[in-house]
Amino acid sequence: MSRYAEVIVLARRAEEVMEPLTRPDEDRDWHQCFTRVDDGMFDGSRMPSVECYAWVIQFIRHNWRGLLSHLESLAWPDPHSVQVLVRDEDDDCFGLWMIYDGKLVEVSLPRTEREPFSASVTGVLSRTDRRAGE
């Protein structure tokens, strides 16, 4: 069964920490690479800042199991700035994970609920304010 999940990592001054995740590594369960997106890509200046970067990736199937725990274990220069957004193919919206007390935990978003789903690494995040049939 083919599934996809999109993951976005936002963090300040984390280029060195994320660099190993931007190249293929056969020792990891996930064999794809994050793509770095910086502020220069949005405004066209080609002069990105070192303040904040984003990394994006789309995973096919379940080859990203263990990614959240791996991200949690990294030596982030500013752990309070780390935000991980995850949207599995059945999710209504991205879920948000942040580091609290050294642990990467999902932040409750208003008007959403996450339910377990065996075909998904994180379960399914649904909007509770959606009307039936929308």
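Residues numbered from 1 in each chain as written. Predicted model: local features only at pLDDT ≥ 70, side-chain atom pairs only at ≥ 80, totals over all residues. Heavy atoms only, no water.

1. Description of the environment of G95
1) Next: As for its placement among the helices and strands, G95 is situated in strand β5 (residues 95–100).
2) Next: Judged by its relative accessible area of 0%, G95 is buried.
3) Next: With 30 residues separating them along the chain, G95 and L125 place their C-alpha atoms 7.0 Å apart.
4) Next: Beyond its immediate stretch of four places on either side in the chain, G95 contacts V84, L85, V86, E106, L109, R114 and L125. (Helix = DSSP H or I, 4+ residues; strand = E, 2+ residues; numbered from the N terminus. Buried < 20%, exposed > 50% of the residue type's maximum accessible area, 1.4 Å probe, protein only. Contact = heavy atoms within 4.5 Å.)

2. A few points about the packing of aromatic side chains
1) Next: One pass over the structure, following the stated rule, counts 3 aromatic pairs.
2) Next: Residues F34 and F59 carry aromatic rings whose centres are separated by 6.4 Å and whose planes lie at 80° to one another, so their mutual orientation is edge-to-face. Of this pair, F34 sits in the loop between α1 (15–18) and β2 (35–38) while F59 sits in strand β3 (residues 52–60), and the two are 25 residues apart along the sequence. The pair formed by F34 and F59 is uniform in burial state, with each residue classed as buried.
3) Next: Measuring from centroid to centroid gives 5.8 Å for Y53 and W55, while their planes differ by 55°, and the two rings are tilted. Per residue, the accessibility class of Y53 equals that of W55, and both read buried.
4) Next: Aromatic rings pair up to connect F34, F59 and W64 into one cluster. (Phe/Tyr/Trp six-rings, centres within 6.5 Å; stacked < 30°, edge-to-face > 60°.)

3. Describing the nonpolar core
1) Next: Residues V7, V9, F34, L71, W76 and V84 are the most contacted members of the largest nonpolar core, which totals 25 residues.
2) Next: Those elements giving two or more residues to this core turn out to be β1 (4–12), α1, β3, α3 (67–73), β4 (83–88) and β5.
3) Next: If near-sequence neighbours (up to four positions away) are discounted, F34 is found in contact with V7, V9, M18, L21, T22, W55, V56, I57 and L67. (Core = buried A, V, L, I, M, F, W, Y, C linked by side-chain atoms within 4.5 Å.)

4. With respect to the side chain of S81
1) Next: For S81, the location among the structural elements is in the loop between α3 and β4.
2) Next: Among all residues touching S81, those that are not within four sequence positions of it are L10, A11 and R12.

5. Section: the pattern of salt bridges
1) Next: With the rule as written, the count across this model stands at 6 salt bridges.
2) Next: One salt bridge connects R114 with E106, and the closest N-O pair in it is separated by 2.8 Å.
3) Next: Exposure remark for E106: the relative accessible area of 29% places this residue in the partly exposed category.
4) Next: Taking the shortest distance from any N to any O, the salt bridge between R127 and D129 comes out at 2.7 Å.
5) Next: Overall, R127 belongs to the partly exposed group, its relative accessible area being 39%.
6) Next: Under the relative-accessibility criterion, D129 is labelled partly exposed at 32%. (Salt bridge = Lys/Arg side-chain N within 4 Å of Asp/Glu carboxyl O.)

6. Considerations on the pairing of β1
1) Next: Residues A5, V7, V9 and A11 point to one face of β1 and are all buried, whereas Y4, E6, I8, L10 and R12, pointing to the other face, are not buried.
2) Next: Of the pairings in the sheet, the one linking β1 to β4 comprises 6 bridges and is antiparallel in character. In the strand pairing of β4, A5 is matched with D88. (Pairing = 2+ DSSP bridges.)

7. A few points about the side chain of D91
1) Next: As for its position among the elements, D91 is in the loop between β4 and β5.
2) Next: Buried within the structure, D91 lacks any salt-bridge partner; its nearest side chain of opposite charge belongs to R114, at an N-O separation of 4.0 Å.
3) Next: A polar contact of 2.8 Å, which involves the side chain of D91, links it to the backbone nitrogen of D88.
4) Next: Here the side chain of D91 touches L125 through a polar contact of 2.8 Å, landing on its backbone nitrogen.
5) Next: The residues touching D91, leaving out its near neighbours within four places in the chain, are V86, R114, G123, V124 and L125. (Lys, Arg positive; Asp, Glu negative; His and termini not counted. Polar contact = N/O pair within 3.5 Å; in protein donor to acceptor, adjacent residues only side chain to side chain.)

That is the geometry; function is a separate question.
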